[in-house]
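Residues per chain, in single letters:
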Amino acid sequence: QEQLVESGGGLVQPGGSLRLSCQTSGIAFSGDVFSTYAMGWFRQAPGKQRELVARIFPYSVTYYADSVKGRFTISRDNRKKAVYLQMTSLKPEDTAVYYCNRLPEFRFWGQGTQVTVSS
């Protein structure tokens, strides 16, 4: 069964840092196929739509939403079939549940990991 398991969230003060992890498993990610996928980190704040904040393509080409550019870094480990999001200089507006998924997205999603930025 395919799974996306996000972890690493928590409560952090403004200006702080967190590193999120996304572990994939299942047939859809088996063998070398994971390395061929573009992967993304999304977030959803209360009352708002889910938004894509970072993308990583094969060969680690990356793109970021303007709101996180220069503060967030997405990376991947194809051997571990995992994706990471290093977040620095966090702001209260970064508060959201963070999810990862393939691009284009699979219909299944993980449970997400809550990031709360507050003093």
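Everything in this summary refers to the structure shown in the same document. Quick caveat, the model's predicted, so the values are computed rather than measured.

Applying the stated criterion across every chain yields a total of four salt bridges. Across the pair R43 and D94 runs a salt bridge, and its minimum N-O distance is 2.9 Å. One end of the pair, R43, is in strand 4 (residues 38–44); the other, D94, is in the loop between strand 8 (82–87) and strand 9 (96–103), with 51 residues separating them in the sequence. The pair formed by R43 and D94 is uniform in burial state, with each residue classed as buried. In this structure, D94 and R71 form a salt bridge, with 2.7 Å as the shortest nitrogen-oxygen distance. Here the residue D94 occupies a position in the loop between strand 8 and strand 9, and R71 occupies one in the loop between strand 6 (62–64) and strand 7 (72–77), the gap between them amounting to 23 residues. For D94, a relative accessible area of 1% translates into the label buried.

Criteria and cut-off values
Residues numbered from 1 in each chain as written. Predicted model: local features only at pLDDT ≥ 70, side-chain atom pairs only at ≥ 80, totals over all residues. Heavy atoms only, no water. Salt bridge = Lys/Arg side-chain N within 4 Å of Asp/Glu carboxyl O. Helix = DSSP H or I, 4+ residues; strand = E, 2+ residues; numbered from the N terminus. Buried < 20%, exposed > 50% of the residue type's maximum accessible area, 1.4 Å probe, protein only.

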